Amino acid sequence: MTEELFRHDAYLKTCDAVVRHVSPDGIVLDRTVFYPEGGGQPGDTGTLSTAAGVKIAIVGAYKDRETGEHRHVPAKGTALPAIGASVTCVIDWNRRYRHMRIHTSLHLLCAVIDGDVTGGQIGDGKGRLDFNLPDTSLDKSTIEAAINDLIAADLSVGAEWISDDEMTARPDLVRTMSVKPPTGAGRVRLLRIGYQDQSVDLQPCGGTHVARTGEIGAITVGKIENKGRQNRRVNIRFAD
């Protein structure tokens, strides 16, 4: 399996790797800094460079559902590396960092709205969450002010792990109705915003995030849409 370096350090922009498998579906490496599409967060883009100076444009990354392999998708018509070749991975950091900021701000959105999450999406500078709520009177100004207060507080953001058994015993940690945290590997990754005794959000998440909420910058709450009798979609974006 590919060693996923971004799980331990979301700020890594580059790494050296060895090509393990090549196919039209993607390039498999022994290690990577590329985040694979999942959990509403897009896969990273960037380049793989060989020792001979050949640069391969990577237009996306994903995990194969059947094999679990982490695949780097090359641009059409790009020359592919040989199996066993050494490459240098470089992600489009500006794009990834915007995803990290938006992803973390969506956790803050969870913190200020009570309700199970039925869906979500992370974009480049914008995102949204859908909540299972009958209330149609969500106030944009109130939500926006509450999130920006948490951003201005510059709270710590960090990952921690619990066992599968602990996860089973704590169903209250799961906010998403459509996606359950992966179990079977022995442990589950949680994201905590704030300190142990003063957390504002704690839930399973495998995505990439900023280290402190102050890095997000101000956000604005856009349209709040009714997507069904009890489904409310809240859209956010960067204020700048």
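In what follows, the accompanying structure is described. (Residues numbered from 1 in each chain as written. Predicted model: local features only at pLDDT ≥ 70, side-chain atom pairs only at ≥ 80, totals over all residues. Heavy atoms only, no water.)

### Considering the overall build of the chain
Move 1: Secondary structure assignment for the chain yields three helices and 15 strands.
Move 2: The globule rule puts the C-alpha radius of gyration for 240 residues at 18 Å, and the 19 Å found for the chain is close to it.
Move 3: Taken along the three principal axes of its C-alpha coordinates, the chain extends 60 × 45 × 35 Å.
Move 4: Sequence separation of 24 or more characterises 64% of the internal contacts of the chain that already satisfy a separation of 6 or more.
Move 5: Accessible surface, the chain as shown: approximately 11,900 Å² in total, 49% of it carbon and sulfur. (Helix = DSSP H or I, 4+ residues; strand = E, 2+ residues; numbered from the N terminus. Rg over C-alpha atoms; globule rule 2.2 N^0.38 Å. Contact = heavy atoms within 4.5 Å. Areas by Shrake-Rupley, 256 points an atom, 1.4 Å probe, with all protein chains shown as cover.)

### Considering the environment of Val59
Move 1: Tracing the sequence through the fold places Val59 in strand S6 (residues 55–63).
Move 2: Through-space distance from the C-alpha of Val59 to that of Gly43 is 8.5 Å; in sequence the pair is 16 residues apart.
Move 3: Setting aside residues no more than four positions away along its own chain, Val59 makes contact with Thr45, Val73, Pro74 and Ala75.

### A closer look at the pairing of strand S15 (residues 231–238)
Move 1: Taken across its eight residues, S15 has six buried, putting it largely inside the fold.
Move 2: Sheet topology note: the strand S14 (residues 219–226)/S15 ladder contains six bridges and is antiparallel. If you follow Ile224 over to S15, its bridge partner there is Val234.
Move 3: Linkage of S14 to S15, two consecutive antiparallel strands, is achieved through a turn of four residues, within which Gly228 is found at a positive phi near 140°. (Buried < 20%, exposed > 50% of the residue type's maximum accessible area, 1.4 Å probe, protein only. Pairing = 2+ DSSP bridges.)

### Notes on the sheet that holds strand S2 (residues 14–23)
Move 1: Strand order around the closed barrel formed by six strands is S2-S3-S7-S6-S5-S8, with antiparallel pairing between neighbours. Sheet twist, expressed as the average angle between the axes of neighbouring strands with direction ignored, equals 45°.
Move 2: As paired strands, strand S5 (residues 46–50) and S6 are joined by four bridges and run antiparallel to one another. Bridged to Thr47 within S6 is Ala57. (Axes fitted to C-alpha atoms, helices over the stretch in contact; angles between N-to-C directions.)

### Some details on the pattern of salt bridges
Move 1: Using the criterion set out here, one finds 14 salt bridges in the structure.
Move 2: Salt-bridge contacts for Asp44 lead to Arg96; the nearest nitrogen and oxygen are separated by 2.7 Å. Here Asp44, found in the loop between strand S4 (31–32) and S5, pairs with Arg96, found in helix H1 (residues 93–112); they are 52 residues apart in sequence, far enough to count as distant. One exposure class covers both Asp44 and Arg96, and it is buried.
Move 3: What emerges from the salt-bridge pattern is a single network uniting Glu4, Arg7 and Lys63. (Salt bridge = Lys/Arg side-chain N within 4 Å of Asp/Glu carboxyl O.)

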